[in-house]
Amino acid sequence: MSSELTFTWIALGILAVTVAVRAIIVQTTKSQQHQVFLFWQRVGLPMGSQRINDSLRRRLHRSANATLLGGVAGGMLAVGIYVFTHTSGLPFNFMWLVALPAVIIGATVLDVALTVRDSLFGRQPDAPRMARLEAVGLRDYMSPKRLYAAPLLLVLAAAMAVAGLVLGATGAIDSGAFSRGPALPFLLAAAVVLGLCVVMARKILEQPQPAADTLELAWDDAIRADVLRKLGVLASVMAWLAVSAAGLGILDGLGATAAANMGTALGQMLSTWGYFAVILTYTHGSSLSWFQQRLWPNFTLVPAGPSPDTGGQEQGHTGTQGQGQS
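Residues numbered from 1 in each chain as written. Predicted model: local features only at pLDDT ≥ 70, side-chain atom pairs only at ≥ 80, totals over all residues. Heavy atoms only, no water.

## Notes on the overall build of the protein
- Scanning the protein from terminus to terminus reveals 10 helices and four strands.
- Scanning the protein from its N terminus toward the C terminus, one meets helices and strands in the order α-α-α-α-β-α-α-α-α-α-α-β-β-β.
- The proportion of buried residues among the 326 residues of the protein is 46%.
- Nonlocal contacts in the protein, meaning residues at least 24 apart in sequence, comprise 82% of its contacts between residues at least 6 apart.
- Accessible surface for the protein amounts to roughly 15900 Å². Of this, 68% is attributable to carbon and sulfur atoms. (Helix = DSSP H or I, 4+ residues; strand = E, 2+ residues; numbered from the N terminus. Buried < 20%, exposed > 50% of the residue type's maximum accessible area, 1.4 Å probe, protein only. Contact = heavy atoms within 4.5 Å. Areas by Shrake-Rupley, 256 points an atom, 1.4 Å probe, with all protein chains shown as cover.)

Structure, rendered in structure tokens:
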């Protein structure tokens, strides 16, 4: 066994141990309550009652398990492809265009399926429901830049793919190298993922929201916003990977020259930076509080909140949304 292959399997073993440790930690009550505390901080809604705290803890726990299990399934698929194709080392294209999409898709799909199947406060037939006076849409849960990031990136990927085909047709680059590359298949995959994300988002918005009062409905909206955010991350990452694949395909078509090799190295670096930029777009700022500004602007958050370790506290809240119970 070569030293490169040995290093690769050692890296995979370390990753497997890390995942196993993470799987154990998320089962502890302290970890689950800490997740509630962090979620509460980012959402900006009052906790209100122990019932809400406990429901959130169970829901976030199930979400963490689903994300972990889906990510592991995607990782195992990537490892299977790695072994089947006899890939040596950990090449950039494999990690970027195979392993990363497999893990992200697996982690997101199971979490979204959990949301479609269940709600924060259960879906018993006799459960009370708060009636909204106005219909809600994706714009109420995601800011414009997050809502349109994936479609705009997909348009950019399509434009770069067309540019690659034109450059190949004119002889400016090796058309065969570009056509054999992952640019066109990845563009198709990103388009399919975006379409599926839109369908799943609409499905989520159609789901009933059992809630005993307006605060419970607001917290159910918080879970909706979080899942829709994850769909946005998936669609945008896939679209960005399509942009990267098209750009790297064009650079590969230039041939093995010093300038082309330098351009490929720069392209790989920009691809990595772009990926982190997409992630930051969906995890910072108002990524989890946009819905609160749009749908529940009158709720007033008092200083007390859920304990990060031991459980929720009773917490007052003010504010109404002009909604009634049905």
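From this point, the narrative continues.
## With respect to a nonpolar patch on the surface
- Together, Leu 266, Met 269, Leu 270 and Trp 273 line one region of the surface with nonpolar side chains, adding up to about 410 Å² of accessible area.
- As for its position among the elements, Leu 270 is in helix H9 (residues 258-283). (Patch = residues over 30% accessible without salt bridge, like charges linked within 9 Å, V, L, I, M, F, W, Y side chains within 5 Å. Salt bridge = Lys/Arg side-chain N within 4 Å of Asp/Glu carboxyl O.)

## Considerations on the nonpolar core
- Core analysis: the largest hydrophobic core is formed by 65 residues, its most contacted members being Phe 39, Leu 45, Leu 56 and Trp 219.
- No other element matches helix H8 (residues 214-253), which puts 21 residues into this core.
- For Leu 56, the residues in contact, after removing those within four places along its chain, are Val 36, Phe 39, Met 47, Leu 120, Trp 219 and Ile 223. (Core = buried A, V, L, I, M, F, W, Y, C linked by side-chain atoms within 4.5 Å.)

## Regarding the packing of helix H5 (residues 144-169) against H8
- The N-to-C vectors of H5 and H8 enclose an angle of 15°; their axes lie 8 Å apart at closest approach. As far as their axial angle goes, H8 and H5 are roughly parallel. With respect to the hand of their crossing, H5 and H8 are arranged in left-handed fashion. Mapping the contact onto sequence places Ala 149, Ala 150, Leu 153, Leu 154, Leu 156, Ala 157, Met 160, Ala 161, Gly 164 and Leu 167 in H5 and Ala 235, Ser 236, Ala 239, Trp 240, Ala 242, Val 243, Ala 246, Gly 247 and Ile 250 in H8.
- Across the contact of H5 with H8, the residue classes tally to 16 nonpolar, three polar and no charged. (Axes fitted to C-alpha atoms, helices over the stretch in contact; angles between N-to-C directions. Parallel < 35°, antiparallel > 145°, perpendicular 65-115°, else oblique. Left-handed = near helix turned anticlockwise from the far one by under 90°. Nonpolar A, V, L, I, M, F, W, Y, C, P; charged D, E, K, R; others polar.)

## As for the environment of Leu 110
- Its location among the elements puts Leu 110 in helix H4 (residues 92-117).
- Leu 110 gets classed as partly exposed once you look at its relative accessible area, which sits at 34%.
- Separated by 44 residues in sequence, Leu 110 and Ala 66 have C-alpha atoms that sit 5.4 Å apart.

## Considerations on helix H7 (residues 183-206)
- With 24 residues, H7 extends 35 Å from end C-alpha to end C-alpha; this agrees with the ideal 34 Å at 1.5 Å per step.
- Buried residues of H7: Ala 183, Phe 186, Leu 187, Ala 190, Val 193, Leu 194, Cys 197, Ala 201, Ile 204 and Leu 205, and no others.
- The elements touched by buried residues of H7 are H4, H5, helix H6 (175-180) and H8. (Expected span 1.5 Å × (residues − 1).)

## Details of helix H2 (residues 29-43)
- Across its 15 residues, H2 extends 21 Å between first and last C-alpha, which sits within 8% of the 21 Å expected from 1.5 Å per residue.
- Of all the positions in H2, only Ser 31, Gln 32, Gln 33, Val 36, Phe 37, Phe 39, Trp 40 and Val 43 are classed as buried.
- Positive phi shows up at Gly 44, right after H2, with a value of about 90°.

## Some points on the layout of surface pockets
- In this model, the largest pocket occupies a volume close to 1500 Å³.
- If you go around the largest pocket, you meet 42 residues; those closest to its centre are Thr 67, Leu 68, Gly 71, Val 103 and Ala 107.
- Going through the elements one at a time, helix H1 (3-25), H2, helix H3 (50-84), H4, H8 and H9 are the ones with two or more residues in the lining of the largest pocket.
- At 12 residues, H3 tops the list of elements feeding residues into the lining of the largest pocket.
- Looking at the lining of the largest pocket residue by residue, the class counts come to 29 nonpolar, seven polar and six charged. (1 Å grid on protein atoms, 1.4 Å probe; cavity = no way out; pocket = protein on both sides within 12 Å on 5 of 7 lines; lining within 4 Å. Points joined across faces, edges and corners; volume = space filled by probe spheres on them.)

## Observations regarding the side chain of Arg 59
- Topologically, Arg 59 is positioned in helix H3.
- Since its relative accessible area comes to 3%, Arg 59 is described here as buried.
- Look past the residues within four positions of Arg 59 in its chain and what remains in contact with it is Asp 111, Leu 114, Thr 115, Leu 120, Ile 223 and Val 227.

## Quick notes on the packing of H3 against H4
- Here H3 crosses H4 at 150°, and the two axes come no closer than 7 Å. Viewed along their axes, H3 and H4 adopt a mutual orientation that is roughly antiparallel. By crossing handedness, the relation of H3 to H4 is classed as right-handed.
- Within the contact of H3 with H4, the residues separate by chemical class into 13 nonpolar, eight polar and three charged.

## Observations regarding the packing of aromatic side chains
- Tallied over the full model, the rule gives three aromatic pairs.
- With centroids separated by 5.3 Å and ring planes inclined at 65°, the aromatic side chains of Tyr 275 and Phe 276 adopt a geometry described as edge-to-face.
- Residue classification places Tyr 275 among the buried residues on the basis of a relative accessible area of 16%.
- Overall, the relative accessible area of 47% leaves Phe 276 in the partly exposed class. (Phe/Tyr/Trp six-rings, centres within 6.5 Å; stacked < 30°, edge-to-face > 60°.)

## Notes on the environment of Gln 209
- By the element assignment, Gln 209 lies in the loop between H7 and H8.
- On the accessibility criterion, Gln 209 (7% relative accessible area) is buried.
- Considered as a pair, Gln 209 and Leu 120 are 89 residues apart in the sequence and their alpha carbons are 8.1 Å apart.
- One polar contact links Gln 209 to Asp 221, side chain to side chain, over a distance of 3.0 Å. (Polar contact = N/O pair within 3.5 Å; in protein donor to acceptor, adjacent residues only side chain to side chain.)

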